[in-house]
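Chain and residue survey
Letter by letter, the chains look like this.
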Amino acid sequence: MSRRLAIEIAGLKLANPTMLASGILGLSGLTLKRVADAGAGAVVTKSVGLEPREGYPNPTVVQAECGLLNAVGLPNPGVQYFSEEIREAKELGVPIIVSVYGFSSEEFAEAARVAVEAGADAIELNVSCPHVEKTGAEIGQSSQLVAEILKKVKGRVDTPVFVKLTPNVADIAKVAKAAAEAGADAITAINTVRAMIIDVETTRPILANKIGGLSGTAIKPIAVRCVYEVYREVDIPVIGCGGISTWRDAVEFMLAGASAVQIGTAIAFNGLDVFKSVTKGVDAYLKKRGFRSVKEIVGLSHRY
Ligand SMILES: Cc1cc2nc3c(=O)[nH]c(=O)nc-3n(C[C@H](O)[C@H](O)[C@H](O)COP(=O)(O)O)c2cc1C
């Protein structure tokens, strides 16, 4: 792997700037291993909470015109049970970032503590799930709540803490700034965009939960705009996420200000080869243009 691609984010060393996004293939040590073997620079687990959750009845995921619509309802076995998977994933040789959610700042902090005890290299706070009440985006829409949770989590763990923001707000930069001031080590932007599909034959909303989150190519320009706005506002690293499936997408996010990128939906459509094709493509782009490190292109579009 080319040295040009190596990055450090909040003290984590990554061989390349790609990461697995939360919620896709991240629910077991074995699937996380498959993703690391496929070339991801780091992996983010499915979001886990203090208690196990079943999630919503089917259908929970449907294909939209240019992406996926999901309302899975945060199904997970709970962080205690999941600790075993985290321990297994420690063998991967890439940083493991555990995504946690909670229904109070205390739950976020406790879930984070258990995950770190099991070996998480960093925590990503999911304050952006668009379809579960009293957690996720309901928190992520409030700068005050995001700051409160961050302070509590930072007081409980000594690993880096990332905050994953929702695009479903009027001013994402404002929430990012509050998160940075409260001690976030990086901002992940973005989670899915609130959306809906209705079947005209049956007249029914297709998802059991009716409203869900849109991901994939459809949301890429929204995500690029969010990264651009957040980068302008904060001095901590930004991790781009939303519709990345090619090296061009990854470069675009980096020019907007992303130090690294997460990939989710593209895996469902194109398989795990996406990590190698993105890293190879980014490396060739850097080489052709004479950049010695991927860091040199982060935020370049802000010159204009
Ligand atoms: C089926 C599915 C499940 C997801 N579950 C989670 C989750 O548990 N936690 C989270 O923070 N994001 C979750 N996400 C959001 C993704 O991590 C990502 O932010 C979003 O899909 C945009 O990136 P993409 O277009 O590359 O998929 C989920 C996305 C999908 C499609």
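Data block above holds the structure.
Bear in mind that the values here come from a model prediction, so they are computed numbers and not experimental data.

1. Considering the sheet that holds strand β10 (residues 186-189)
- Spatially, β3-β4-β7-β8-β9-β10-β13-β14 is the arrangement adopted by the 8 strands of the closed barrel, whose pairing is parallel. For this sheet, the mean inter-axis angle between neighbouring strands, taken without regard to orientation, is 25 degrees.
- Two strands pair when backbone bridges link them, and strand β4 (residues 42-44) and strand β7 (residues 96-100) are joined in this way by 2 bridges, in the parallel orientation. Bridge pairing in β7 places Val-44 opposite Ile-97.
- Packing of helix α3 (residues 105-118) onto the sheet brings it into contact with β7 and β8 (122-126), and relative to β8 it is tilted by some 150 degrees.

2. Here we look at the site of the ligand
- The environment of the ligand is made up of 22 residues, and the closest members are Ser-22, Ser-47, Lys-164, Gly-243 and Thr-265.
- Between the ligand and Ser-22 there is a distance of 2.6 Å, counted from an oxygen atom to a backbone nitrogen or oxygen.
- Between the ligand and Lys-164, the relevant distance is 2.7 Å, taken from an oxygen atom to a side-chain nitrogen or oxygen of the residue.
- Out of a free accessible area of 610 Å², the ligand has 95% covered by protein chains.
- A molecule is said to occupy a pocket when more than half its atoms come within 2 Å of that pocket's grid points, and by this definition the ligand occupies the largest pocket.
- For the shell around the ligand, the residue count by class is 7 nonpolar, 13 polar and 2 charged.

3. Some points on the packing of aromatic side chains
- In total, this model carries 2 aromatic pairs according to the counting rule given.
- Ring centres of Trp-247 and Tyr-285 lie 5.8 Å apart, and the angle between their planes is 45 degrees; this geometry places the pair in the tilted category. Of this pair, Trp-247 sits in helix α8 (residues 247-256) while Tyr-285 is found in helix α10 (residues 274-289), placing the two residues 38 residues apart along the sequence.
- With relative accessibility at 28%, the residue Trp-247 sits in the partly exposed group.
- Under the relative-accessibility criterion, Tyr-285 is labelled buried at 15%.

4. What to know about the environment of Ile-197
- Assignment of secondary structure puts Ile-197 in the loop between β11 (193-195) and β12 (212-215).
- For Ile-197, a relative accessible area of 22% translates into the label partly exposed.
- Each C-alpha atom, one on Ile-197 and one on Ile-139, is 25 Å from the other, the two residues being 58 residues apart in sequence.
- Among all residues touching Ile-197, those that are not within four sequence positions of it are Val-62, Gln-63, Ala-64, Leu-69, Arg-204, Pro-205 and Ile-206.

5. Observations concerning α8
- Those residues of α8 that fall on the buried side of the exposure criterion are Asp-249, Ala-250, Val-251, Phe-253, Met-254 and Ala-256.
- Looking one or two places after α8, you find Gly-257, whose phi comes out positive at around 130 degrees.

6. What to know about the pattern of salt bridges
- Applying the stated criterion to the full structure yields 16 salt bridges.
- Notably, a salt bridge pairs Lys-220 with Glu-252, separated by 2.9 Å at the nearest N-O pair. Here the residue Lys-220 occupies a position in helix α7 (residues 220-233), and Glu-252 occupies one in helix α8, the gap between them amounting to 32 residues.
- Note that Arg-292 is salt-bridged to Glu-296, the shortest N-O span being 3.5 Å.

7. Some details on the packing of α3 against helix α5 (residues 143-156)
- Between α3 and α5, the least distance of the axes is 8 Å, while the angle of their chain directions is 35 degrees. Like other packed secondary-structure pairs, α3 and α5 cross with a definite hand, here right-handed. Between α3, through Ser-105, Glu-106, Phe-108, Ala-109, Glu-110, Ala-112 and Arg-113, and α5, the contact on the second element is made entirely by Glu-148, Ile-149, Lys-152, Val-153 and Arg-156.
- The residue makeup of the contact of α3 with α5, split by class, is 5 nonpolar, 1 polar and 6 charged.

About the thresholds
- Residues numbered from 1 in each chain as written.
- Predicted model: local features only at pLDDT ≥ 70, side-chain atom pairs only at ≥ 80, totals over all residues.
- Heavy atoms only, no water.
- Pairing = 2+ DSSP bridges.
- Helix = DSSP H or I, 4+ residues; strand = E, 2+ residues; numbered from the N terminus.
- Axes fitted to C-alpha atoms, helices over the stretch in contact; angles between N-to-C directions.
- Contact = heavy atoms within 4.5 Å.
- Near = heavy atom within 4 Å.
- Polar contact = N/O pair within 3.5 Å; in protein donor to acceptor, adjacent residues only side chain to side chain.
- Areas by Shrake-Rupley, 256 points an atom, 1.4 Å probe, with all protein chains shown as cover.
- 1 Å grid on protein atoms, 1.4 Å probe; cavity = no way out; pocket = protein on both sides within 12 Å on 5 of 7 lines; lining within 4 Å.
- Sits in = over half its atoms within 2 Å of the grid points.
- Nonpolar A, V, L, I, M, F, W, Y, C, P; charged D, E, K, R; others polar.
- Phe/Tyr/Trp six-rings, centres within 6.5 Å; stacked < 30°, edge-to-face > 60°.
- Buried < 20%, exposed > 50% of the residue type's maximum accessible area, 1.4 Å probe, protein only.
- Salt bridge = Lys/Arg side-chain N within 4 Å of Asp/Glu carboxyl O.
- Left-handed = near helix turned anticlockwise from the far one by under 90°.

Limitation: the analysis is restricted to geometry and does not speak to function.
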